[in-house]
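Chain by chain, the residues run as shown.
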Amino acid sequence: MNKTQTQEFKKKLEEQRQVLRDQLSRLRGGDKDSSATSADTFGQNEVASSLGATDREMDFALDEHETAAVRTIDLALKRLEAGVYGDCMDCGDEIPLARLEASPQALRCISCQEKLEHNRAAA
């Protein structure tokens, strides 16, 4: 991978990380959904309460997913700085450029990623 490609991937990764951090900030900041307040106003406290719980569960799941995605991006950026970005962290083979373009945070070649997912599913 040449220096221009490396810089392009670094820029993509940093942009993705910022988008995720902004989303996490909104989730953790507790942006209130006005629909629950409207429901309370119309005497639907119980419905609004259950919807609020569901919304909180969804926010928690999104938070967890986005936090993991930020960690993966951070790891990819560290690998980029170390000069090993684009090499599969399991087998060491070069990750195809098309895979990195589609998923710049990819840490594994497709074969090793499939093995990892298969092992997780079997566990």
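This text goes with the structure placed above it.
Read on for an overview of the structure. (Residues numbered from 1 in each chain as written. Predicted model: local features only at pLDDT ≥ 70, side-chain atom pairs only at ≥ 80, totals over all residues. Heavy atoms only, no water.)

## Quick notes on the side chain of Arg99
With respect to the element layout, Arg99 can be found in helix H4 (residues 97-102). Buried and without a salt bridge, Arg99 has Glu117 as its closest oppositely charged side chain, separated by 6.5 Å. (Helix = DSSP H or I, 4+ residues; strand = E, 2+ residues; numbered from the N terminus. Buried < 20%, exposed > 50% of the residue type's maximum accessible area, 1.4 Å probe, protein only. Lys, Arg positive; Asp, Glu negative; His and termini not counted. Salt bridge = Lys/Arg side-chain N within 4 Å of Asp/Glu carboxyl O.)

## Digging into the nonpolar core
Within the largest apolar cluster, 17 residues are counted, with the highest numbers of intra-cluster contacts made by Leu13, Tyr85 and Leu100. No other element matches helix H3 (residues 45-82), which puts five residues into this core. If we skip the residues at most four places from it in the chain, Leu100 touches Met1, Phe9, Tyr85, Gly86, Ile95 and Ala106. (Core = buried A, V, L, I, M, F, W, Y, C linked by side-chain atoms within 4.5 Å. Contact = heavy atoms within 4.5 Å.)

## Section: the side chain of Glu66
The topology assignment puts Glu66 in helix H3. This buried residue, Glu66, is left without a salt bridge; Arg26 holds the nearest opposite charge, at 7.1 Å. Every residue in contact with Glu66, bar those within four places of it in the chain, is listed here: Leu20, Gln23, Leu24 and Leu27.

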